[in-house]
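Examining the three-dimensional arrangement
Spelled out, the chains give:
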Amino acid sequence: MASLSTTSLSFKAPSTRISQVLRKGSSFQSVTFGRFTSSTSKSLRLQISCAAKAETVQKVSDIVKEQLALTADTPLTAESKFTALGADSLDTVEIVMALEEKFNISVEESDAQNITTIQEAADLIEDLVQKKPAA
C-alpha cells in the first residue's frame, strides 16, 4: 500500500469524483479539483484506486443490458447508474447474481448494496477475482 503525505494536492482530471477521492482521516489541508478547491481544518483522507479493465466494464455493461432488457443501442458508460437505467432493488439483486455467475465470485450483501454504477460493479469484481484463491 502506498502512502502520501502533503498539505496540498491538485487534480486536473475533469472526471474526478470528489466523493470517491475524499474520505475522513488524513492530513490534507487543501485539495484542488480543477476549479473546485476544498480547504478545511478537518482532516481529509485521499483514496486512490485504479479503475477496472475496459474488458470487465464491457462485460458488466452487457450483463446490465441483458438483465434490464435494454436495447443493444442503449448507451452505457462506466458511470451509468442502475437506477437511471430503470433498475429497482430486485433488478439490482438480479444483476449482482448474474455477475456472480459470470465471474464465478461471491459478493457479500454489504458490498452488493453499495453497487450503484457499472464502474463500481467492475471495480468490485476485479477486487474479488484478485483476492480469490487460485483453484
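Everything in this summary refers to the structure shown in the same document. (Residues numbered from 1 in each chain as written. Predicted model: local features only at pLDDT ≥ 70, side-chain atom pairs only at ≥ 80, totals over all residues. Heavy atoms only, no water.)

1. Focus on the packing of helix α2 (residues 54-67) against helix α3 (residues 89-103)
- Packing of α2 against α3 brings their axes to within 10 Å, and their N-to-C directions diverge by 135°. As the angle between them shows, α2 and α3 are arranged oblique. Crossing angle aside, the handedness with which α2 passes α3 is right-handed. Along its contact with α2, which presents Thr 56, Lys 59, Val 60, Ile 63, Val 64 and Gln 67, the element α3 presents Glu 94, Ile 95, Ala 98, Leu 99, Lys 102 and Phe 103.
- In terms of residue class, the contact of α2 with α3 is made up of seven nonpolar, two polar and three charged. (Axes fitted to C-alpha atoms, helices over the stretch in contact; angles between N-to-C directions. Helix = DSSP H or I, 4+ residues; strand = E, 2+ residues; numbered from the N terminus. Parallel < 35°, antiparallel > 145°, perpendicular 65-115°, else oblique. Left-handed = near helix turned anticlockwise from the far one by under 90°. Contact = heavy atoms within 4.5 Å. Nonpolar A, V, L, I, M, F, W, Y, C, P; charged D, E, K, R; others polar.)

2. Let's talk about the environment of Asp 62
- Here Asp 62 shows up in helix α2.
- With a relative accessible area of 41%, Asp 62 lands in the partly exposed category.
- Here the alpha-carbon distance between Asp 62 and Leu 76, two residues 14 residues apart in the chain, equals 9.3 Å. (Buried < 20%, exposed > 50% of the residue type's maximum accessible area, 1.4 Å probe, protein only.)

3. Points about the environment of Thr 116
- With respect to the helices, strands and loops of the structure, Thr 116 is situated in the loop between α4 (109-112) and α5 (118-131).
- Thr 116 sits in the partly exposed class, given a relative accessible area of 34%.
- With 34 residues separating them along the chain, Thr 116 and Phe 82 place their C-alpha atoms 5.8 Å apart.

4. Section: the nonpolar core
- Ranked by internal contacts, the top residues of the largest apolar core, which has 24 residues, are Val 60, Val 64, Phe 82, Leu 99, Val 107 and Ile 118.
- Looking at this core, the elements that each hand over two or more residues are α2, α3 and α5.
- Among the elements that make up this core, the one with the highest residue count is α5 (six residues).
- Ignoring any residue separated from it by four or fewer positions in sequence, one finds Val 60 in contact with Leu 99, Ile 118, Ala 121, Ala 122 and Ile 125. (Core = buried A, V, L, I, M, F, W, Y, C linked by side-chain atoms within 4.5 Å.)

5. Structural notes on α5
- For α5, which comprises 14 residues, the first-to-last C-alpha distance of 20 Å matches the rise-based estimate of 20 Å (1.5 Å per residue) to within 8%.
- When α5 is considered as a whole, its buried residues turn out to be Ile 118, Gln 119, Ala 121, Ala 122, Leu 124, Ile 125 and Leu 128.
- The inward-facing, buried residues of α5 contact α2, α3 and α4. (Expected span 1.5 Å × (residues − 1).)

6. Some thoughts on the side chain of Ser 61
- Considering the arrangement of structural elements, one finds Ser 61 in helix α2.
- Classification of Ser 61 as buried rests on a relative accessible area of 7%.
- The contact partners of Ser 61, leaving out residues within four places of it in the chain, are Leu 76 and Ile 118.

7. A few points about α3
- For α3, with 15 residues, the first-to-last C-alpha span of 21 Å sits near the 21 Å given by 1.5 Å per residue.
- Taken together, the buried residues of α3 touch α2, α4 and α5.
- Near the N-terminus of α3, the side chain that reaches the backbone nitrogen of Leu 90, with its oxygen 3.1 Å away, is that of Asp 88.
- Asn 104 occupies a position one or two residues after α3 and carries a positive phi of about 55°. (Polar contact = N/O pair within 3.5 Å; in protein donor to acceptor, adjacent residues only side chain to side chain.)

8. A short note on a nonpolar patch on the surface
- The grouping of Leu 90, Val 93 and Met 97 at the surface amounts to a nonpolar patch, some 290 Å² of accessible area in total.
- Tracing the backbone shows Met 97 in helix α3. (Patch = residues over 30% accessible without salt bridge, like charges linked within 9 Å, V, L, I, M, F, W, Y side chains within 5 Å. Areas by Shrake-Rupley, 256 points an atom, 1.4 Å probe, with all protein chains shown as cover. Salt bridge = Lys/Arg side-chain N within 4 Å of Asp/Glu carboxyl O.)

9. Describing the packing of α2 against α5
- Between α2 and α5, the least distance of the axes is 9 Å, while the angle of their chain directions is 120°. By the angle class used here, α2 and α5 are oblique. For the pair α2 and α5, the sense of crossing is right-handed. Of α5, the residues touching α2 (which contributes Thr 56, Val 57, Val 60, Ser 61 and Val 64) are Ile 118, Gln 119, Ala 121, Ala 122, Ile 125 and Glu 126.
- Tallied by class, the residues present in the contact of α2 with α5 amount to seven nonpolar, three polar and one charged.

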